[in-house]
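Descriptive structure summary
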Amino acid sequence: MDKREPSIHITESKLAKILFEIMDVEGSPVNWNYKKLATEIVKKAQKHTLNNRSLSISNDKLDKKVKQLVKASESDAMMLSNLIYHIRRSKTKLYTKTKVEPDSKEYGALKELTAICIEFCNTFELEKKEGFMKYLNIAIPKISSSLNFIGKLVNLAEKVYSIMEAEKFILEDENSSETKEIFNIYSKLITEQNGLVINYDKDPTIYRHFIEVRRLTDEMDIPSDIYIKAQFHGLMWTDSYPEPQHLVGDKAMSRLSKYMYENKIRVSTHKTATESFADKLKKLKDGNTGN
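Reading the values: the criteria
- Counting from 1, residues in each chain are numbered in the order their sequence is written.
- Confidence filtering applies because this is a predicted model: local features only for residues at pLDDT of at least 70, side-chain atom pairs given and counted only at 80 or more, and all residues used for totals across whole chains, interfaces and linings.
- Remark: hydrogens and water are excluded; side-chain values derive from all non-hydrogen atoms of the structure.
- Helix and strand assignments come from DSSP, with helices taken as H or I runs of at least 4 residues and strands as E runs of at least 2, each series counted from the N terminus.
- Buried, partly exposed and exposed residues are distinguished by accessible area as a fraction of the type maximum, computed with a 1.4 Å probe on protein chains only: under 20%, between the cut-offs, and over 50%, respectively.
- By definition, residues are in contact when any of their heavy atoms lie within 4.5 Å.
- We get accessible surface area from the Shrake-Rupley algorithm with a probe of 1.4 Å; when it comes to residues, only the shown protein chains can shield them.
- Side-chain rings of Phe, Tyr and Trp, where Trp is taken by its six-membered ring, are said to pair if the distance between their centres is within 6.5 Å; with planes under 30 degrees apart they count as stacked, over 60 as edge-to-face, and otherwise as tilted.
- Here a salt bridge means any side-chain nitrogen of Lys or Arg lying within 4 Å of a carboxyl oxygen belonging to Asp or Glu.
- Grouping buried Ala, Val, Leu, Ile, Met, Phe, Trp, Tyr and Cys residues that are joined through side-chain atoms within 4.5 Å yields what is termed a nonpolar core.
- Confidence of the predictor at the level of single residues is given by pLDDT, which spans 0 to 100.

Within the protein chain, the secondary structure is distributed over 13 helices and zero strands. Sequence-ordered secondary structure for the protein chain, helices as α and strands as β, is α-α-α-α-α-α-α-α-α-α-α-α-α. Put simply, the protein chain has 291 residues, and 41% of those count as buried. Pairs at least 24 apart in sequence give 67% of the contacts found in the protein chain among residues at least 6 apart. Of the roughly 17800 Å² of accessible surface on the protein chain, a fraction of 52% belongs to carbon and sulfur atoms.

Under the definition given, this model contains 10 aromatic pairs. Here Phe 124 and Tyr 161 contribute two aromatic rings whose centre-to-centre distance is 5.7 Å and whose plane-to-plane angle is 45°, an arrangement assigned as tilted. Placement of the pair is Phe 124 in helix 5 (residues 107-124) and Tyr 161 in helix 8 (residues 157-171), with a sequence separation of 37 residues. Tyr 161 carries the same exposure label as Phe 124, and that label is buried. Between Phe 183 and Phe 210, the aromatic rings sit 5.2 Å apart at their centres with planes inclined by 85°, giving edge-to-face as the arrangement. On the criterion of sequence distance, the pair formed by Phe 183 in helix 9 (residues 176-194) and Phe 210 in helix 10 (residues 204-220) is long-range, its members being 27 residues apart.

All right, on to the pattern of salt bridges then. Following the criterion strictly, the structure yields nine salt bridges and no others. Put simply, Arg 214 and Asp 173 hold a salt bridge, and the shortest N to O gap is 2.5 Å. Of the two residues, Arg 214 is situated in helix 10 and Asp 173 in the loop between helix 8 and helix 9; the sequence distance between them amounts to 41 residues. By sharing partners, the salt bridges in this structure join Asp 173, Glu 174, Arg 214, Arg 215 and Asp 218 into a single network.

One finds Ile 84, Leu 113, Tyr 135, Leu 136, Ile 150 and Leu 153 to be the most contacted residues of the largest nonpolar core, which totals 37 residues. Put simply, the parts of the chain that give this core at least two residues each are helix 4 (74-90), helix 5, helix 6 (128-139), helix 7 (149-155) and helix 8. Element by element, the count of residues in this core is highest for helix 5, at 10 residues. Once you skip the residues sitting within four places of it in the chain, Tyr 135 turns out to touch Leu 113, Ile 116, Cys 117, Phe 120, Leu 153, Val 154, Leu 156, Ala 157 and Val 160. Counting residues in each nonpolar core, the second largest holds 26 residues, with Leu 189, Val 213, Ala 252 and Met 260 among its members.

Another point: the confidence of the model for the protein chain. Interpretation of this model should avoid reading the predicted coordinates in detail wherever pLDDT is low. The share of residues in the protein chain with pLDDT of 70 or more is 75%, and the mean pLDDT across the chain is 81. Contacts from residues 51-55, a stretch scored under 50 in pLDDT, to residues over four places away or in other chains number 11 contacts. Below pLDDT 50 for its whole length, residues 287-291 participates in 12 contacts with residues either more than four positions away or in separate chains.

Next up, the structure:
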């Protein structure tokens, strides 16, 4: 049987609470700052983030969970049906005159959607009605046709999870003003290059990448404007610009290394608890320098 290495997704505040529960010893002379310790763990763990997952939710896993339809009680299904009916009649152009009832042909899909929404509530620690509304408010605007409406809400599960995870990631940004400044630098360079005005800040699944850039530049102790300019400079030959998801990673570091070398920009070589930025640049010069 294939065994997977366990992983966790946890907020900083809950991590601090767990550290307190594990490490607090009555009468100990050591007075730990659990909040600060949790903050440092989160910062160090950021570079090891499992970027290819969305709260360990995938269509396959959702399929397995929704087979347990016993979770979706009759009352839960009808509450969800009522919410869908209300939203469609008051907030969308996909108007409907009928609710999904137990004798409706879409009732089976409604039960499946109810199980998904209950799992959604459990995953994000939301009260049932609040979680149902959140799921629907994310998913419904992405539907453009009334045909197989409930089925489409089911199929949007992975997308909804991805958006919700990104929204939480953004809410937990410990320096949102600096992240916004990085986004503004990026946007300004695009406007200067081709006149386009981008609105990536409206899509949490895209905007979250600017938090990753902010955390990376903080860790390396390098000005964020130099980092962003390096990414644009490194792709000038393509007559294009870096997409947000390409602003971090080995190739992004390679572009930064080349830019700083060409412009004779020096960095501090002092050692810290983690590998210094100068060390990273040296590794890149010795190894991966491709675009």
